[in-house]
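Given next are the chains, with one letter for each unit.
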Amino acid sequence: MILVIGGAFQGKRQFAREISGLEDWADGRICGEDELDTCGGMVDFHEYIRNRLAEGRDCTGIPERVMRANPGVVLTANELGCGVVPVDAFDRRYRETVGRVCTGLAAEAEAVYRVICGIGVRIK
């Protein structure tokens with residue numbers, strides 16, 4: 001599994017395409033569990049987590065499930081932990097959950113990249 005993180009609009013998608021060679025990507029804003037388990041890559045993985053939380057679903061087992069069902073997947077996610085803490089309780093929970101899930105994924109990932117201004121730096 002490869003995890004590509006960074007701020008919004010920093011070039012994560014293009015960078016992930018370049019390092020993976022993948023052309024078809026699942027969209028975290030609209031995909032479900034089955035697609036996460038079978039896709040080659042997913043952009044906006046943080047939105048997949050948002051949707052699960054909005055549905056009242058638990059996200060704690062996502063890293064283990066990804067590593068079991070789809071260990072070769074490439075995921076891109078926005079880095080949400082920087083900046084002002086959201087006032088809204090749901091947004092705070094979302095921000096924390098994305099951080100915890102991505103931390104779990106990063107621990108098991110083959111590689112983790114952080115992309116800033118279109119430049120990817122391997123951090124694992």
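Look a little higher up for the structure.
Structure report, in brief. Here the structure is a predicted model, which is why all the values come from computation and not from measurement.

Let's talk about the overall build of the protein chain
- A count of helices and strands for the protein chain gives five helices and six strands.
- Counted from the first residue to the last, the protein chain has its helices and strands arranged as β-α-β-α-β-α-α-β-α-β-β.
- Here the C-alpha radius of gyration of the protein chain, 13 Å, is about what a compact globule of 124 residues would show, namely 14 Å.
- C-alpha atoms of the protein chain, sized along the principal axes, occupy 40 × 30 × 25 Å.
- Summarising the internal contacts of the protein chain: among those between residues at least 6 apart in sequence, 59% fall at separations of at least 24.
- Just so you have it, the protein chain exposes about 6700 Å², and 52% of that area is on carbon and sulfur atoms.
- Taken as two groups, the 16 positive and 19 negative side-chain charges of the protein chain have centres that lie 5 Å from each other.

Some details on unusual backbone geometry
- For Phe9, which is not a glycine, the phi torsion comes out positive at approximately 60°.
- Its place among the elements puts Phe9 in the loop between strand 1 (2-6) and helix 1 (12-20).
- Classification of Phe9 by relative accessible area gives exposed; the value is 83%.
- The residue Cys117 is not glycine, and still its phi comes out positive at about 55°.
- Turning to its location among the elements, Cys117 is positioned in the loop between strand 5 (111-116) and strand 6 (119-122).
- Since its relative accessible area comes to 65%, Cys117 is described here as exposed.

Quick notes on the packing of aromatic side chains
- The tally for this structure, following the rule as stated, stands at two aromatic pairs.
- Ring centres of Phe45 and Tyr48 lie 5.8 Å apart, and the angle between their planes is 15°; on these two criteria the pair is classed as stacked. With a gap of three residues between them, Phe45 and Tyr48 both fall in helix 3 (residues 45-54), about one helical turn apart.
- Residue Tyr48 is classed as buried on the basis of its relative accessible area, which comes to 2%.

Observations regarding the nonpolar core
- In terms of nonpolar packing, the biggest core is built from 25 residues, with Met42, Phe45, Ile49 and Leu75 touching the most fellow members.
- Listed by contribution, the elements that provide at least two residues to this core are strand 1, helix 3, helix 4 (62-69), strand 4 (74-78) and helix 5 (89-108).
- Sorting elements by how many residues they give to this core places helix 5 first, with five residues.
- Beyond its immediate chain neighbours, meaning those up to four positions away, Met42 contacts Trp25, Ala26, Asp27, Gly28, Cys31, Leu36, Tyr48, Val74, Leu75 and Thr76.
- Ranked by size, the runner-up nonpolar core spans 10 residues in total, among them Val4, Trp25, Val74 and Tyr113.

A closer look at the side chain of Asp44
- Along the chain, Asp44 turns up in the loop between strand 3 (41-43) and helix 3.
- Ignoring sequence-local partners within four residues, the contact set of Asp44 consists of Arg13, Asp27, Gly28, Arg29 and Thr76.

The rules behind these values
- Residues numbered from 1 in each chain as written.
- Predicted model: local features only at pLDDT ≥ 70, side-chain atom pairs only at ≥ 80, totals over all residues.
- Heavy atoms only, no water.
- Helix = DSSP H or I, 4+ residues; strand = E, 2+ residues; numbered from the N terminus.
- Rg over C-alpha atoms; globule rule 2.2 N^0.38 Å.
- Contact = heavy atoms within 4.5 Å.
- Areas by Shrake-Rupley, 256 points an atom, 1.4 Å probe, with all protein chains shown as cover.
- Lys, Arg positive; Asp, Glu negative; His and termini not counted.
- Charge placed at Lys NZ, Arg CZ, Asp CG, Glu CD.
- Buried < 20%, exposed > 50% of the residue type's maximum accessible area, 1.4 Å probe, protein only.
- Phe/Tyr/Trp six-rings, centres within 6.5 Å; stacked < 30°, edge-to-face > 60°.
- Core = buried A, V, L, I, M, F, W, Y, C linked by side-chain atoms within 4.5 Å.

Any functional reading would require information that these geometric values do not contain.
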